[in-house]
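For reference, the chains in residue letters:
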Amino acid sequence: MNWLIEFFGDPDNWSGSSGIPFRLLEHLEFSALALLAAVVIAVPLGLWIGHTGRGALFVVLSANAARALPTLGLLVLIVLLVGVGTTLPVLIPLVALAVPPILVNTYEGIRGVDRDLRDAAYGMGLRGGQVLLRVLVPVALPLILLGMRIAAIQVVATATVAAYVGLGGLGRYIIDGLATKDFASTIGGAVLVALLALAVQTAFTLVNRVAVSPGVSRRVKVR
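Bear in mind that the values here come from a model prediction, so they are computed numbers and not experimental data.

### Some details on the side chain of Arg 23
Take Arg 23: it is sitting in helix α2 (residues 20-52). A relative accessible area of 14% places Arg 23 in the buried class. Beyond its immediate chain neighbours, meaning those up to four positions away, Arg 23 contacts Ser 17, Ser 18, Gly 168, Gly 169, Leu 170, Arg 172 and Tyr 173.

Now the structure itself:
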């Protein structure tokens, strides 16, 4: 507790390019860009695979690859190849980490929609794309948002590795603190990352309540 008071009570930690607000914005920048890129890649792909049934093996391979992804090793390799002049080195491994949970949950959400509901939509005269967007996506939305939430939390926690290669973010407090044996900084940085992850989870919970139809929410709870 004394270390936390020392870290958060130090005025120097709240100003300048090494202050908490600046490091937090850096961390949010890495995380938001990576999550946005992952959503752009994974959601359309998951919708297409789930709706057509083609490429299901790719989803399985993607999920398995996520478990074996050496994020730090990939980050170091990219830095050696392209340098650290931009945020690209940290974005690539973070996107690779975020795509699988979004892809898998989007696919499972679409494939899990009741067959009778699909048939009823086609019986009403809706076509493939209309059935997907008007019927399947609203029903699958809770699972799709769950995949995004899992990915967002993983990205926020893993973005700390950016500090290993001289980039910014909240990981700077952890890495620099360990290097200089400044344990107040290390613990303070870890607490900030944990609080940010909790904030992300809370934000997605609120989005889920607003975006998901009450009828779909009740149906998911009943299941």
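### Digging into the UniProt feature "transmembrane region" (unreviewed entry) in the protein chain
Mapped onto this structure's residue numbering, the UniProt feature "transmembrane region" (unreviewed entry) falls at residues 30-49, 56-84, 131-150, 156-175 and 187-207. End-to-end, the C-alpha atoms of residues 131-150 are 27 Å apart, and along that stretch the chain is 100% helix and 0% strand. Note that residues 187-207 is 100% helix and 0% strand, and that its end C-alpha atoms are spaced 30 Å apart.

### Topic: the environment of Leu 4
Tracing the backbone through its elements, the reader meets Leu 4 in helix α1 (residues 2-8). Residue classification places Leu 4 among the partly exposed positions, given a relative accessible area of 23%. Not counting the four nearest positions on each side in its chain, Leu 4 is found in contact with Gly 9, Ile 187, Gly 188 and Val 191.

### Observations concerning the packing of aromatic side chains
For the structure on display, the rule yields 4 aromatic pairs. Ring centres of Trp 3 and Phe 183 lie 5.8 Å apart, and the angle between their planes is 45°; on these two criteria the pair is classed as tilted. One end of the pair, Trp 3, is in helix α1; the other, Phe 183, is in helix α9 (residues 183-211), and 180 residues separate them in sequence. According to the relative accessible area criterion, Phe 183 is partly exposed, its value standing at 40%.

### Regarding α2
Taking 1.5 Å per residue, 33 residues should reach 48 Å; α2 reaches 47 Å between its end C-alpha atoms and fits that length. The principal kink in α2, of about 25°, is found at Val 39. Positioned one or two residues after α2, Gly 53 has a phi angle of 80°, which is positive.

### Observations concerning the side chain of Arg 118
With respect to the secondary-structure elements, Arg 118 resides in helix α6 (residues 115-123). Contact partners of Arg 118, with chain neighbours within four places excluded, come to Gly 50, His 51, Ile 110, Arg 111, Val 113 and Leu 136.

### Some thoughts on α9
Counted at 1.5 Å a residue, the expected span for α9 with its 29 residues is 42 Å, and the 42 Å between its end C-alpha atoms agrees. Listing the buried residues of α9 in full gives Ala 184, Ser 185, Thr 186, Gly 188, Gly 189, Leu 192, Val 193, Leu 196, Ala 197, Val 200 and Phe 204. Tucked inside the fold, the buried residues of α9 contact α1, α2, α7 (128-158) and α8 (171-180).

### Quick notes on the pattern of salt bridges
Pairing is possible between side chains that carry opposite charge, provided their charged atoms lie close to one another. The full count for this structure, using the stated rule, is 2 salt bridges. As a salt-bridge pair, Arg 23 and Glu 26 come within 2.9 Å of each other at their nearest N and O atoms. A residue pair is termed a helical-turn pair when its members lie 3 or 4 positions apart in one helix, as Arg 23 and Glu 26 do in helix α2 at 3 residues. Across the pair, Glu 26 and Arg 23 agree in class, each one buried. Where Asp 176 meets Arg 172, a salt bridge forms, and the shortest distance between an N and an O atom there is 2.7 Å. On the criterion of helical spacing, the pair formed by Asp 176 and Arg 172 is a turn pair, its members being 4 residues apart in helix α8.

### Some remarks on the packing of helix α5 (residues 88-111) against α7
The interhelical angle for the contact between α5 and α7, taken along N-to-C directions, is 155°, at an axis separation of 7 Å. With respect to each other, α5 and α7 are oriented roughly antiparallel. As for how α5 packs across α7, the hand of that crossing is right-handed. The residue inventory of the contact of α5 with α7, partitioned by class, reads 17 nonpolar, 6 polar and 1 charged.

### As for the packing of α2 against α5
Interaxial distance between α2 and α5 falls to 7 Å at its minimum, and their mutual angle equals 35°. Crossing angle aside, the handedness with which α2 passes α5 is right-handed. Its residues placed into classes, the contact of α2 with α5 shows 23 nonpolar, 4 polar and 1 charged.

### Quick look at a nonpolar patch on the surface
A cluster of nonpolar side chains, Leu 77, Leu 81, Val 82, Leu 88 and Ile 92, forms an exposed patch at the surface whose accessible area comes to about 460 Å². Elements with a minimum of two residues in the nonpolar patch: α4 (71-82) and α5. At 3 residues, the largest contribution of residues to the nonpolar patch is made by α4. Within the fold, Val 82 resides in helix α4.

Conventions used here
Residues numbered from 1 in each chain as written. Predicted model: local features only at pLDDT ≥ 70, side-chain atom pairs only at ≥ 80, totals over all residues. Heavy atoms only, no water. Helix = DSSP H or I, 4+ residues; strand = E, 2+ residues; numbered from the N terminus. Buried < 20%, exposed > 50% of the residue type's maximum accessible area, 1.4 Å probe, protein only. Contact = heavy atoms within 4.5 Å. UniProt positions renumbered as here; feature names shortened; annotations may be inferred. Phe/Tyr/Trp six-rings, centres within 6.5 Å; stacked < 30°, edge-to-face > 60°. Expected span 1.5 Å × (residues − 1). Bend = angle between axes of the 7 residues up to and from the residue. Salt bridge = Lys/Arg side-chain N within 4 Å of Asp/Glu carboxyl O. Axes fitted to C-alpha atoms, helices over the stretch in contact; angles between N-to-C directions. Parallel < 35°, antiparallel > 145°, perpendicular 65-115°, else oblique. Left-handed = near helix turned anticlockwise from the far one by under 90°. Nonpolar A, V, L, I, M, F, W, Y, C, P; charged D, E, K, R; others polar. Patch = residues over 30% accessible without salt bridge, like charges linked within 9 Å, V, L, I, M, F, W, Y side chains within 5 Å. Areas by Shrake-Rupley, 256 points an atom, 1.4 Å probe, with all protein chains shown as cover.

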